[in-house]
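So you can see what is in the structure, the chains are spelled out below.
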Amino acid sequence: MRRISFRRLALFGLGATLVAVGSMAHMRLKHSTNGNLLFWSNPGNISIVSSSVGSDNISDGSCETALRNAIDAWNDAAGSTGYLAENTSAAAQARTDWQSYDLHQIWFDEDGSSGYFPGSSSIVAITPIWFYSDGRIADADVIFNGKNHNFTTKGAANRFDIQDVATHELGHLLGLDHSGWAGASMYPYVSSSVILHRSLGLDDVHGMRAAYPSGSFASISGTVRRTADSSPVAGAHVVVRDSQGRTAGAALAGSTGAFTLRGLDAGQYDLYAAPLEGPMSAANLGAGWTVQTDFELSDHGSLTLAAGESRSIGNVFVASDVTISLGQNNDRYPLRCPSSQTSVHLARGTGLSPGSTLSASDPTLVVTPSTWSNSLVSFSVTVPGGAAPGHVDLIATNPSGDRSVLVAGLEITPPDPTVALVSPNQADLAGGTLVTITGTNFNPGCRVVVGSEIYEDGAVSGCTWVDSTTITLTTQSSQPGISDVVVIDSSGVEGRKSAAFQVVATPQLTLVFPAVGSMSGWTRVVLSGQNFVDGVVVRIDGVVQAGVSVPSTQKIEFWTSPSSTGLKVIEVENPGGFTATSQFSFVAAADPNIVQVTPASGTAKGGDGVTLTGTNFTAQTEVVFAADQNTGQGGVLAGNITFIDSSTLSFTTPAVGAGMSTLMVRNPGTGQIDLLSSGFNFQAEDTGGGGGGCASIVPSQPPAARDILGTLLWFAALAFLVRGPKRIALAPIRAKDR
Ligand SMILES: [Zn+2]
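Note that the structure is predicted; figures quoted are calculated from it, not measured. (Residues numbered from 1 in each chain as written. Predicted model: local features only at pLDDT ≥ 70, side-chain atom pairs only at ≥ 80, totals over all residues. Heavy atoms only, no water.)

**Re the overall build of the protein chain**
Link 1 in the chain: A count of helices and strands for the protein chain gives 7 helices and 51 strands.
Link 2 in the chain: Pairs at least 24 apart in sequence give 67% of the contacts found in the protein chain among residues at least 6 apart.
Link 3 in the chain: Of the accessible surface of the protein chain, which amounts to about 28700 Å², a share of 51% is contributed by carbon and sulfur atoms. (Helix = DSSP H or I, 4+ residues; strand = E, 2+ residues; numbered from the N terminus. Contact = heavy atoms within 4.5 Å. Areas by Shrake-Rupley, 256 points an atom, 1.4 Å probe, with all protein chains shown as cover.)

**With respect to the packing of helix α1 (residues 62-75) against helix α3 (residues 162-173)**
Link 1 in the chain: Where α1 contacts α3, the axes come no closer than 8 Å and their chain directions differ by 40°. If you check the angle between α1 and α3, you find them oblique. Classified by chirality, the crossing of α3 by α1 is right-handed. Residues C63, A66, L67, N69, A70, I71, A73 and W74 of α1 pack against I162, Q163, A166, T167, L170 and G171 of α3. (Axes fitted to C-alpha atoms, helices over the stretch in contact; angles between N-to-C directions. Parallel < 35°, antiparallel > 145°, perpendicular 65-115°, else oblique. Left-handed = near helix turned anticlockwise from the far one by under 90°.)

**Side note on the confidence of the model for the protein chain**
Link 1 in the chain: Chain-level statistics for the protein chain give a pLDDT mean of 86 and a share of 89% at 70 or above.
Link 2 in the chain: In the model, residues 1-26 has pLDDT below 50 throughout and makes 105 contacts with residues more than four positions away in sequence or in other chains.
Link 3 in the chain: Scored below 50 in pLDDT, residues 686-738 shows 62 contacts in the model against residues more than four places distant or in partner chains. (pLDDT = per-residue confidence, 0-100.)

**Things to note about empty space enclosed by the protein**
Link 1 in the chain: Following the criterion strictly, the structure yields 6 cavities of 30 Å³ or more and no others.
Link 2 in the chain: Computed from the structure, the largest cavity encloses a volume of approximately 190 Å³.
Link 3 in the chain: Forming the walls of the largest cavity are 22 residues, and the residues nearest its centre are P275, E277, G278, V405 and V407.
Link 4 in the chain: Sorting the residues of the lining of the largest cavity by element identifies β17 (325-326) and β24 (403-413) as the ones contributing at least two each. (1 Å grid on protein atoms, 1.4 Å probe; cavity = no way out; pocket = protein on both sides within 12 Å on 5 of 7 lines; lining within 4 Å. Points joined across faces, edges and corners; volume = space filled by probe spheres on them.)

Structure follows, in structure tokens:
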């Protein structure tokens, strides 16, 4: 059998100090020694899981939503079969064994336990990849450095945008390396609050097409050579622009100067070669690459490609080196240029001498430099209204005519959307409410995020873009709560209306147990129904009840307050004002009350004699085993129930099967009850001692306590622990128990 060796590749991404391993040619990662490109053998179904823990900076569930949007960005890449299939099962999201090959997880390392962020690390996130020698990826995970950095989903200052960072790291997970485009998602640096890596650039899309093509695309191949002596140039950045002057494709030449630029659509292109010496440089590439930068930005000219055409263009000649260079990695790229606006920017570099000129590759943009200071140029960019989103090169030309290009340094975006009105602003958690969002600068292809739900324009269960000021959607079922309403443009820019929508729960009350209690209060009542949420208020006859807890959306527990006798209205009110009602009766008689069960265990086959002590028993009091503790329904009557006095009953146990059973007393005249949830232990075999079940109930209990207290008090104490304030007088028993 062939032995397979794994190698581990750590991509240190998005930090101020970077160690990137791999290559950039066609944006693919590759095996660092044998050169095999890394790939998923099942690209159409790459499992990905967001850890349920999320980021400790985010408490409203929007972390998972942001990660899902990042996943969608890659899944929406046109012309690729690559697909990240998110597994949202609770079991998968709860896993912590991220190193397992069958789990590809996105998680936040808050305490350094991953080992990737020692000390004070500038790494924002990392994507370790495990792969076979043939390049097949076995496992990859995205780890955010929550130990050293803070994250946001709402544009908070000095925090990194989760969706932005996740989009970049997922590109690595898919097998892509860093991009030479300053505006691509795979550009190796990020600043806090930057969100433009959320949307893929064409170079990112072409990387997916190269790795996992769906259909065939045009390509251009050739060899970069120096004009002076025809010697090949290794590692030249070969780029094409489309007929609108937009940056449209790229490749990195190999050591022989040969390049193949893949993933192109049909169309007219202008091709040029430029040194990789700007903000993205050889420092961002792995070992084994030769990147020569001793040449000037050189145009090759225009060509027109048919769909799927493979064009060989021979030699691309480049001129000798110049001293001007535009763009450095301490700039903040991409430079966002909203349409119909004038924005102000700066770019660092060398040789940016006064008297130089600055231009954009898209001639409809007006670039106006204001200051040249050799190491820096400040300038404004005016973009016409309605300009399409995309990337534009920025070119500096010094007074001698020498040039440098910042590839894809400008990102044209629409203006920020604004959300003015959400109507209605409230809906039931079941979903199905038609909501209209009114605002400005809405564009087709947008998505709306409301709480944990994402509504994508045109998608099944998505939203509908109506016009630039109107979006409609029908709510999905979702968790109750108040959420921002966020409209995210396909370019990544967003508009947000804070706390604009509330998902409310209309409670349903199906059963009150017991439905009767003493007028003196302290009856423990369980309400069964649907859509109960934390913060619910319970009233009887208008009186707010005490000790309300909501163990689940189907259950409320509380203790009655004293009241006058009679039939009363019981009302539950969820936050948001939605209510449900039923009835509860108060009677003058005191509730029956179990204090001790002697013995508290017996055989599963029944027939054991038991004595109950307590208060307020009557000659009609029934004793029921194994009734449902939330409803009182079901169960089996004890045999030979004998009323000795109001504080003592004796009976024989029925056969209800092995295990812990509820024990209920019920006064049939009024319906008043008392119930111990762990009232009696039916044992499969009579062990004689009766204490065998204890350890499995409270395993931390020291054996000595059982020896001292004996079986009877043991169970009484346990029941007390479960039940709460009603039996507060018995507290010393529990204290001794410890
Ligand atoms: Zn990276």
